[in-house]
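The primary structure of each chain is shown beneath.
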Amino acid sequence: MEPTIEDVANDLREACKKTEKQIRRMLEHGVFEGEQTYPKQHGEMKANIMLAVRHIEDARMRLGKVCQYAGDGVSIYDKA
């Protein structure tokens, strides 16, 4: 039997969360302890790491929207 769309989306959301944590750990890499070869090199690297994090966060949110609209279409924040 095929898994529900919500199950697939939730599995992918978990994978995104794991990937996000791995990306964030890049900020602790030893390369940032040494001197920079070029001006702004470390700053640009860190900025792009954080952009990757933001994109992964956005992907998780959008997969959550798949679950929302596969159900009743109402955000959990709007339910009272």
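To start, this report covers the structure provided alongside it.

Basis of the calculations
Residues numbered from 1 in each chain as written. Predicted model: local features only at pLDDT ≥ 70, side-chain atom pairs only at ≥ 80, totals over all residues. Heavy atoms only, no water. 1 Å grid on protein atoms, 1.4 Å probe; cavity = no way out; pocket = protein on both sides within 12 Å on 5 of 7 lines; lining within 4 Å. Points joined across faces, edges and corners; volume = space filled by probe spheres on them. Nonpolar A, V, L, I, M, F, W, Y, C, P; charged D, E, K, R; others polar. Helix = DSSP H or I, 4+ residues; strand = E, 2+ residues; numbered from the N terminus. Expected span 1.5 Å × (residues − 1). Buried < 20%, exposed > 50% of the residue type's maximum accessible area, 1.4 Å probe, protein only. Contact = heavy atoms within 4.5 Å. Core = buried A, V, L, I, M, F, W, Y, C linked by side-chain atoms within 4.5 Å. Phe/Tyr/Trp six-rings, centres within 6.5 Å; stacked < 30°, edge-to-face > 60°. Lys NZ or Arg CZ within 6 Å of the ring centre and 35° of its normal.

Moving on to the layout of surface pockets. Volume-wise, the largest pocket comes out at about 300 Å³. For the largest pocket, the lining is made up of 13 residues, of which Gly64, Gln68, Ser75, Ile76 and Tyr77 are closest to its centre. Class assignment of the residues belonging to the lining of the largest pocket gives a composition of 5 nonpolar, 3 polar and 5 charged.

Right, let's get into helix H2 (residues 41-70). If you check H2, its first and last C-alpha atoms are 44 Å apart, about what 30 residues at 1.5 Å a residue would give, namely 44 Å. Among the residues of H2, those classed as buried are His42, Ile49, Val53, Ile56, Leu63, Gly64, Cys67 and Gln68. Where the residues of H2 are buried, they touch helix H1 (5-25).

By the element assignment, Glu20 lies in helix H1. Overall, the relative accessible area of 5% leaves Glu20 in the buried class. In this structure Glu20 touches Val53, Ile56, Glu57 and Arg60, once residues within four positions along its chain are discounted.

Of all hydrophobic cores here, the largest spans 9 residues; its members are Ala9, Cys16, Ile23, Phe32, Ile49, Val53, Ile56, Leu63 and Cys67. For this core, the secondary-structure elements that each account for two or more residues are H1 and H2. Setting aside residues up to four positions removed in sequence, Cys67 forms contacts with Glu6, Ala9 and Asn10.

One pass over the structure, following the stated rule, counts 0 aromatic pairs. In this structure, Lys46 packs its charged tip against the face of Phe32, placed 5.0 Å from the ring centre.

These values are about where atoms sit, not about what they do.
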